[in-house]
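Now for the letters of each chain:
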Amino acid sequence: CLCKSFNQAFNCMPFVCVVQNRVLCVSSGLSCEHPGFDVLQRLKRPTDIPDEGFLCDLLWAEPDLRIAGWSDNPRDGNLFGPDVVQNFLRVNNLEMMCRTALVDEGFEWFGDTKLVTIISVPNYAGEFN
């Protein structure tokens with residue numbers, strides 16, 4: 001099945017990438033357990049994604065303007081506030097972060113931070129025709 005082949009290919013892709021030492025690209029979010037980029041680079045792929053922890057957060061954590069710091073997400077992963085984004089970028093000497101998720105207009109800035117969310121499926125369930 002073609003769908004299974006795509007999933008197998010995605011299972012072998014890196015969890016994150018950094019473009020020109022300036023922009024972090026990630027599936028979803030940040031983790032309060034972030035072990036550092038060197039650990040992420042050494043992870044063997046494919047690998048199972050646990051129900052919690054830094055790998056789960058990279059794939060499922062979400063930004064939330066209503067909080068400061070970290071909070072539990074009713075779904076998988078954590079919620080993180082604008083202060084987390086600013087601190088993460090400063091500590092890691094990065095300029096911005098790009099993540100994917102379902103947004104109404106194709107892209108969405110997270111408050112006044114340097115985090116942009118882009119939609120990775122432009123025709124998701126026929127919603128954005």
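The text that follows walks through the structure, step by step, so that each part is easy to find. No experiment lies behind these values; they were computed from the predicted model shown. Within each chain, residue numbers correspond to sequence positions counted from 1 in written order. At least 70 in pLDDT is required for a residue's local features to be given in this predicted model, at least 80 for side-chain atom pairs to be given and counted, and no such filter applies to totals for whole chains, interfaces and linings, which use all residues. Calculated side-chain values reflect all of the structure's heavy atoms, with hydrogen atoms and water omitted.

Let's shift gears to the overall build of the protein chain. Regarding its fold elements, the protein chain presents four helices and eight strands. Each helix is a run of DSSP H or I of at least 4 residues and each strand a run of E of at least 2, with the numbering of both proceeding from the N terminus. In sequence order, the secondary structure elements of the protein chain are arranged as α-β-β-α-α-β-β-β-α-β-β-β. Taken against the 2.2 N^0.38 rule, which gives 14 Å for 129 residues, the C-alpha radius of gyration of the protein chain at 15 Å falls within 12% of a compact globule. Expressed along its principal axes, the backbone C-alpha trace of the protein chain runs to roughly 45 × 40 × 35 Å. Counting only residues that meet the buried cut, the protein chain has 33% of its 129 residues in that class. Considering only intrachain contacts with a sequence separation of at least 6, the fraction spanning at least 24 residues in the protein chain is 45%. What sets the accessible areas is the Shrake-Rupley method with a 1.4 Å probe; for residues, cover comes only from the shown protein chains. Surface summary for the protein chain: the accessible area is close to 8500 Å², and the carbon and sulfur share equals 53%. Residues scored as charged are limited to Lys and Arg (positive) and Asp and Glu (negative), so that His and the chain ends carry no count. Here the site of a charge means NZ on Lys, CZ on Arg, CG on Asp, or CD on Glu. Between the mean site of the 10 positive side-chain charges and the mean site of the 17 negative ones, the protein chain shows a separation of 9 Å. Here the radius of gyration uses the C-alpha set of atoms, whereas the globule reference equals 2.2 Å times the residue count to the power 0.38. Relative accessibility decides the category of a residue: with a 1.4 Å probe and only protein chains considered, values under 20% of the type maximum give buried, values over 50% give exposed, and everything between is partly exposed. For this analysis, residues touch if any pair of their heavy atoms sits within 4.5 Å.

Let us look at the sheet that holds strand E6 (residues 96-100). For two strands to count as paired, DSSP must find a minimum of two bridges between them. Spatially, five strands are ordered E1-E2-E6-E8-E7 in an open sheet, and the strand pairing comes out mixed. With partners counted over all chains shown, the strands left at the sheet margins are strand E1 (16-19) and strand E7 (107-109), one partner each. Each strand of the sheet is rotated relative to its neighbour by a mean of 20°, with strand direction disregarded. Note: E7 against strand E8 (residues 115-118), three bridges, orientation antiparallel. Looking at the pairing, Glu 108 lines up with Thr 117 of E8. Under this scheme, a helix contributes an axis fitted over its contacting stretch, all axes are lines through C-alpha atoms, and angles between N-to-C directions fall in the 0 to 180 degree range.

A few words now on the packing of aromatic side chains. Put simply, two rings from Phe, Tyr or Trp (the six-membered ring, in Trp's case) pair if the centres are within 6.5 Å, and we call them stacked under 30 degrees between planes, edge-to-face over 60, tilted for the rest. Across all of its chains, the model carries two aromatic pairs by this definition. Between Trp 70 and Phe 80 the ring centres are 6.0 Å apart and the planes differ by 55°, which places this aromatic pair in the tilted class. With Trp 70 in strand E4 (residues 70-72) and Phe 80 in strand E5 (residues 78-80), this pair connects stretches of sequence that are ten residues apart. Looking at Trp 70, the relative accessible area reads 34%, which means it is partly exposed. Residue classification places Phe 80 among the buried residues on the basis of a relative accessible area of 0%. Here Phe 80 and Phe 110 contribute two aromatic rings whose centre-to-centre distance is 6.5 Å and whose plane-to-plane angle is 70°, an arrangement assigned as edge-to-face.

The strand order E3-E5-E4 describes an open sheet built from three strands, whose pairing is mixed. Sheet topology places strand E3 (62-63) and E4 at the edges, where each strand pairs with a single neighbour. Pairing of E4 with E5, which is carried by three bridges, proceeds in the antiparallel orientation. For Ser 71, the partnering residue across the bridge sits in E5 and is Leu 79.

What follows concerns a negative patch on the surface. Put simply, a patch holds well-exposed residues, over 30% relative accessible area, that have no salt bridge, with like charges counted together within 9 Å and Val, Leu, Ile, Met, Phe, Trp or Tyr side chains within 5 Å. A pairing counts as a salt bridge when a side-chain nitrogen of Lys or Arg comes within 4 Å of a carboxyl oxygen of Asp or Glu. A grouping of Glu 33, Asp 51, Glu 52 and Asp 76 is seen on the molecular surface, where their side chains present a negatively charged patch. Summarising the element assignment, Glu 33 is placed in the loop between strand E2 (23-26) and helix H2 (37-42).

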